[in-house]
Amino acid sequence: RKKMILDLDTGIDDAMAIAYALASEEIDLIGIVGSYGNLQMSDGVQNSLDLLTLLGQPNIPVYLGEEHSLTTHSFDTLKISQEIHGMNGIGDITIPKSDQSPHSGSGIDFIIDSAKKFQSDLIVVPTGPLTNLALAIKQAPEIETLIGKVVLMGGALTIPGNVSPVAEANINQDPEAANEVFQSKLTITMVGLDVTLKTLLTKKETQEWRQLNSTSSRAFADIVDFYIEAYASLKTNLDGCALHDPLAVAVAIDPSLVTTLPINMKVDTKSPFSGRTIGDERRLNSNEATTEVAIAVETERFLSVFMTRLSTLFSK
Ligand code: BDR
Ligand code: CA
């Protein structure tokens, strides 16, 4: 079985990404690395620990990652993140505290050591800013060609961004790190807004979870209802909330869920286009296209697999 590392800023869709990974028998979730974004890194790490315990896997290690981007020395949670994910990142719902602590090692070393150990069997799925991964490849460039693949949630190619007309939130948090990741030799699939905004969950589905009447199903129904209501109040004109982060996990496991284009990407790091993901004109004709950009998704099939997996997990 392939080994998966999740690198996330544990907000609500990140929580669903953890659940999807745990519910997937094709992979072993070997660890989680904490990022900042939807909330402070340390608070996201606590959410990951609590969610793993809620979902019956308290012993999966959770590592601390970077607390801010490569170029800024502090991190201010965006007001918009708090509106979408709640002050605590999980819809202001209280779930039982895990009795586990974060692992004492560094998240960046964990990525590097896992790459050396599992090589092409390793899949890294970042669903927050790309700071941890950028630092890992800076520290150990040899892992770029060792890691099997990176499937990241971030960016937008064919549609506007969600935090600025050109930038998606995860890329916008650390455009320099994202650019370094895209310019590296890593094999990347970009699962951006082009596809994630086509996979929506509604209260019909969360009501199905609530009816399963387990501790985890009720907690997830409450947490995700907050997210659905936030989407409604932001007047996004979307019928439900976007399954950004779980879609990245699903594509990492089953790439046939999306149609991709091979395009070497770059990220603009300067105003007014900071955070824009765009084809790198200098490498467009390079034979070494290492990035596939998802531009279409089998929405119905993904939603059906998503619901089957999470419902089975919540019923355990
Ligand atoms: C991304 O930003 C975060 O708020 C979500 O968790 C997701 O990873 C969507 O742009
Ligand atoms: Ca996220």
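What you are looking at is a predicted structure, and each value in this text was computed from that prediction instead of being measured.

### Let's talk about unusual backbone geometry
Ser 271 connects to Pro 272 through a cis peptide bond whose omega is 0 degrees. Among the secondary structure elements, Pro 272 is positioned in the loop between strand S10 (265-267) and strand S11 (277-279). At Gln 119, a residue that is not glycine, the phi angle is positive and equals roughly 45 degrees. Within the secondary structure, Gln 119 sits in the loop between helix H4 (107-118) and strand S4 (122-126).

### So, the pattern of salt bridges
Counting across every chain of the model gives 16 salt bridges. Salt bridges sharing common partners tie together Arg 1, Lys 3 and Asp 28.

### Thoughts on the sheet that holds strand S12 (residues 291-297)
Strand order in the open sheet made by the eight strands is S3-S2-S1-S4-S5-S6-S12-S9, with mixed pairing throughout. Sheet topology places strand S3 (62-63) and strand S9 (258-262) at the edges, where each strand pairs with a single neighbour. Taken together, the three bridges between strand S6 (residues 188-191) and S12 define a ladder with parallel strand orientation. Paired with Met 190 across the strands is Val 293, a residue of S12.

### Some thoughts on the site of ligand 1
Around ligand 1, a shell composed of Asp 13, Asp 14, Asn 38, His 85, Thr 127, Met 153, Asn 162, Glu 168, Ala 169, Asn 170, His 244 and Asp 245 is seen. A distance of 3.2 Å is found between an oxygen atom of ligand 1 and a side-chain nitrogen or oxygen belonging to His 85. In this structure, Thr 127 approaches ligand 1 through a main-chain N or O atom, which is 3.0 Å from an oxygen atom. In isolation ligand 1 has 280 Å² of accessible area, and contact with the protein removes 93% of it. Among the elements of the structure, helix H1 (12-22), helix H6 (169-173) and helix H11 (244-253) are those that each provide at least two residues to the shell around ligand 1.

### As for the nonpolar core
One broad trend across soluble globular proteins is that nonpolar side chains are buried collectively. With 70 residues, the main nonpolar core has Leu 6, Met 16, Leu 201, Trp 209, Phe 220 and Phe 306 as its most contacted residues. Ranked by the residues each element gives to this core, the list is headed by H1, at nine residues. In this view, Met 16 contacts Leu 201, Trp 209, Phe 220, Val 224, Tyr 227, Leu 243, Pro 246 and Phe 306; residues no more than four positions away in its chain are not counted. Within the second largest apolar cluster, 34 residues are counted, among which are Ile 30, Val 33, Leu 122 and Ile 137.

### Overview of the coordination of the calcium ion (ligand 2)
When a metal carries six donors in an octahedron, the ideal angles between them are 90 or 180 degrees, while four donors in a tetrahedron ideally lie at 109.5 degrees. Coordination of the calcium ion (ligand 2) by the protein comes from Asp 9 (OD), Asp 14 (OD), Asp 14 (OD), Thr 127 (O) and Asp 245 (OD), over a distance range of 2.3 to 2.7 Å. Read N to C, the donor residues that coordinate the calcium ion (ligand 2) are spaced as D-x4-D-x112-T-x117-D. Taken together, the positions of Thr 127 in the loop between S4 and helix H5 (131-139) and Asp 245 in helix H11 put the pair 118 residues apart, joining distant regions of the chain. Classification of Thr 127 by relative accessible area gives buried; the value is 1%.

Procedures and definitions
- Residues numbered from 1 in each chain as written.
- Chains lettered and ligands numbered in written order.
- Predicted model: local features only at pLDDT ≥ 70, side-chain atom pairs only at ≥ 80, totals over all residues.
- Heavy atoms only, no water.
- Helix = DSSP H or I, 4+ residues; strand = E, 2+ residues; numbered from the N terminus.
- Salt bridge = Lys/Arg side-chain N within 4 Å of Asp/Glu carboxyl O.
- Pairing = 2+ DSSP bridges.
- Near = heavy atom within 4 Å.
- Polar contact = N/O pair within 3.5 Å; in protein donor to acceptor, adjacent residues only side chain to side chain.
- Areas by Shrake-Rupley, 256 points an atom, 1.4 Å probe, with all protein chains shown as cover.
- Core = buried A, V, L, I, M, F, W, Y, C linked by side-chain atoms within 4.5 Å.
- Buried < 20%, exposed > 50% of the residue type's maximum accessible area, 1.4 Å probe, protein only.
- Contact = heavy atoms within 4.5 Å.
- Donors = N, O, S within 2.8 Å, 3.2 Å for Na, K, Ca; no water.

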